[in-house]
Amino acid sequence: MIKPMVNINLNNVSYTYSGRLEPAVENVTLSLDSGEITAITGLNGSGKSTLARLILGLLKPQEGQVCLDNRPVNSYTLAEVGEKIGYVLQNPNQMLFNTTVYNEVAFGLRWKGMKGEELKARCNQYLELFHLWPLRNKLPFNLSEGQKQMVAISAVLALEPSCLILDEPTKSIDTLRKKILIRVLRDIGCLGTGIIVISHDRSFVDALGGREINMVKGKITAYETRR
């Protein structure tokens, strides 16, 4: 499926949390385009997750501007941003709320109006992808942390967003599912999905290829492109 283009531009963006002296993100200028894989790396507290929240409009920059498709991101509703960008949180427990694994994947699709055989086929596709189909009737909160992580990722992938932001997606998953995730992300990137991955996982970042952006104390300190 050919996806609509999504362009994200940050221009001299800074953000400081209340009660803090040092900015979490400082004077960041960056462009992210459809079909591009970008890994954002850096130590804990370097500003990676804050940068993602600024892109999504969950935080408003105190300086500079974040634009999504040439419009300030704060001119969109969160639902409108969600139509363009899928976001997988670092902690899957903050995303799971349905009574079965199947319903977790189906929920967003139903909200978008999908039903019947099309809904079943899409859910089956993404549950099978990560070997979750045998768990489809399980309560998500009874799963292992790695399984929860894959359910959360599957639910967002099933929506087939134009851009995808994943925060530490390999934190709890095994080697097999990590390899599957790498293949899936590279495949959908080739189909035009913009992918932004926040990760400490060196082997995962290297296997994805694309561009790497390193952050230190809220600033971008290095760019590297790998293929």
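A brief look at the structure comes next. (Residues numbered from 1 in each chain as written. Predicted model: local features only at pLDDT ≥ 70, side-chain atom pairs only at ≥ 80, totals over all residues. Heavy atoms only, no water.)

## Focus: the sheet that holds strand 5 (residues 71-72)
Strand-to-strand pairing in sheets goes through backbone hydrogen bonds, with the strands running parallel or antiparallel.
Argument step 1. Read from one edge to the other, the open sheet built from 4 strands follows the order 2-1-4-5, with strand pairing classed as antiparallel. Looking along the sheet, the strands with just one partner apiece sit at the ends: strand 2 (25-33) and strand 5.
Argument step 2. The sheet contact formed by strand 1 (residues 7-15) and strand 2 spans 6 bridges and is antiparallel. By the bridge assignment for strand 2, Asn9 is matched with Ser31. (Pairing = 2+ DSSP bridges. Helix = DSSP H or I, 4+ residues; strand = E, 2+ residues; numbered from the N terminus.)

## Some words on the packing of aromatic side chains
Argument step 1. Per the stated rule, a full pass over the model turns up 2 aromatic pairs.
Argument step 2. Where Tyr15 meets Tyr17, the ring centres are 5.0 Å apart and the plane angle is 80°; that geometry is what we call edge-to-face.
Argument step 3. When its relative accessible area of 13% is taken as the criterion, Tyr15 is described as buried.
Argument step 4. Residue class for Tyr17 comes out partly exposed when judged on its relative accessible area of 24%.
Argument step 5. Considering the side-chain rings of Phe97 and Phe107, the 4.9 Å spacing of their centres and the 85° angle between planes classify their relative orientation as edge-to-face. Of this pair, Phe97 sits in the loop between strand 6 (85-88) and helix 3 (101-111) while Phe107 is found in helix 3, placing the two residues 10 residues apart along the sequence.
Argument step 6. Directly above the aromatic system of Tyr76 lies the positively charged group of Arg71, at a separation of 3.9 Å from the ring centroid. (Phe/Tyr/Trp six-rings, centres within 6.5 Å; stacked < 30°, edge-to-face > 60°. Buried < 20%, exposed > 50% of the residue type's maximum accessible area, 1.4 Å probe, protein only. Lys NZ or Arg CZ within 6 Å of the ring centre and 35° of its normal.)

## Things to note about helix 3
Argument step 1. Those residues of helix 3 that sit buried are Val101, Tyr102, Glu104, Val105, Ala106, Gly108 and Leu109.
Argument step 2. Here the buried face of helix 3 lies against helix 4 (116-129) and helix 5 (145-157).
Argument step 3. Gly113 occupies a position one or two residues after helix 3 and carries a positive phi of about 100°. (Contact = heavy atoms within 4.5 Å.)

## Remarks on the side chain of Lys148
Argument step 1. Tracing the chain through its elements places Lys148 in helix 5.
Argument step 2. For Lys148, a relative accessible area of 6% puts it in the buried group.
Argument step 3. A polar contact is formed between the side chain of Lys148 and the side chain of Asn93, at a distance of 3.0 Å.
Argument step 4. Those residues in contact with Lys148 that lie beyond four places of it in its chain are Pro92, Asn93, Leu96, Pro140, Phe141 and Leu143. (Polar contact = N/O pair within 3.5 Å; in protein donor to acceptor, adjacent residues only side chain to side chain.)

## With respect to helix 1 (residues 48-56)
Argument step 1. When you tally the buried positions in helix 1, you get 8 out of 9 residues, the bulk of the element.
Argument step 2. Buried within helix 1 we find Lys48, Ser49, Thr50, Leu51, Ala52, Leu54, Ile55 and Leu56.

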